[in-house]
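Listed below, chain by chain, are the residues.
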Amino acid sequence: KRGLAVLTCMDSRIEPLAMLGLQPGDAKILRNAGARVTDDVLRTLVLARYLLGVHRAMVVAHTECRMSGITEAEVHAAISESGGPDTRSMSFHVATDQEASLRADVQRIRSWPYLQDLDAAGFRYDVGTGRLTRVC
Ligand code: ZN
C-alpha cells in the first residue's frame, strides 16, 4: 500500500478519513484554511515523503468554502467587523477562483524540486452530497 497524504480545509463539515472511506492510520492529514499549498505544507510533504513513506498527495478543496470566491480585502474587513484586529499585514491565501487556485496549488507540488517523485492530484469535495470529484 502506497502512503497517502491528504490536504484539506479546516472546515468542520469535513471528516477527512470518512470522506475517503479510510481508517485512522491510513493517511497523513494536513489542514488549513482553504486547503492551500503553502510553504508549510510543502515542508510537511517533504517530511511525509521521505520519512513517513508517503507517495501520493491529494489536495481537496470543497464547496461552500469560506476562503473561496472572496478577496483578501473582504476577509480583512470581515475580521475587523467582528471585532478583530487590523490584519492587513497578513495574507490568508484566499481563492478568488477556487478551481484556478487548486490547479495552481497542485502544480506547485508537482514542480517543487524536493517532491519530484510524489504523485499529486486535486479534488473538490461537495459538503452537501459527500461526493468527491477529481479536478486535476
Ligand atoms: Zn473551507
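Heads up: the structure comes first, above all this text.
Parameters and conventions
- Residues numbered from 1 in each chain as written.
- Predicted model: local features only at pLDDT ≥ 70, side-chain atom pairs only at ≥ 80, totals over all residues.
- Heavy atoms only, no water.
- Core = buried A, V, L, I, M, F, W, Y, C linked by side-chain atoms within 4.5 Å.
- Buried < 20%, exposed > 50% of the residue type's maximum accessible area, 1.4 Å probe, protein only.
- Helix = DSSP H or I, 4+ residues; strand = E, 2+ residues; numbered from the N terminus.
- Contact = heavy atoms within 4.5 Å.

K.L.:
Got a minute to help me understand the nonpolar core in this structure?
P.N.:
The nonpolar side chains of a soluble globular protein tend to be buried with one another. One finds Leu 7, Val 37, Leu 45, Val 59, Ile 109 and Leu 118 to be the most contacted residues of the largest nonpolar core, which totals 21 residues. Of all the secondary structure elements, the ones that give two or more residues to this core are β1 (3-9), α2 (39-51), β3 (54-62) and α4 (98-110). Residues contacting Val 37, with those up to four places away along its chain left out, are Leu 7, Leu 42, Val 59, Asp 105, Arg 108 and Ile 109. Ala 27, Val 94, Ala 121 and Tyr 125 belong to the second largest nonpolar core, which has 16 residues in total.

K.L.:
Hey, could you run me through unusual backbone geometry in this one?
P.N.:
Comment: phi is negative for the bulk of residues other than glycine, and the bulk of peptide bonds are trans. Residue Glu 64 is not a glycine yet carries a positive backbone phi of 60 degrees. Looking at the secondary structure, you find Glu 64 in the loop between β3 and α3 (72-81). Judged by its relative accessible area of 58%, Glu 64 falls in the exposed class. The backbone phi angle of His 93 is positive, close to 55 degrees, even though this residue is not glycine. With respect to the helices and strands, His 93 occurs in the loop between α3 and α4.

Read these as layout, nothing more, since geometry by itself doesn't imply function.
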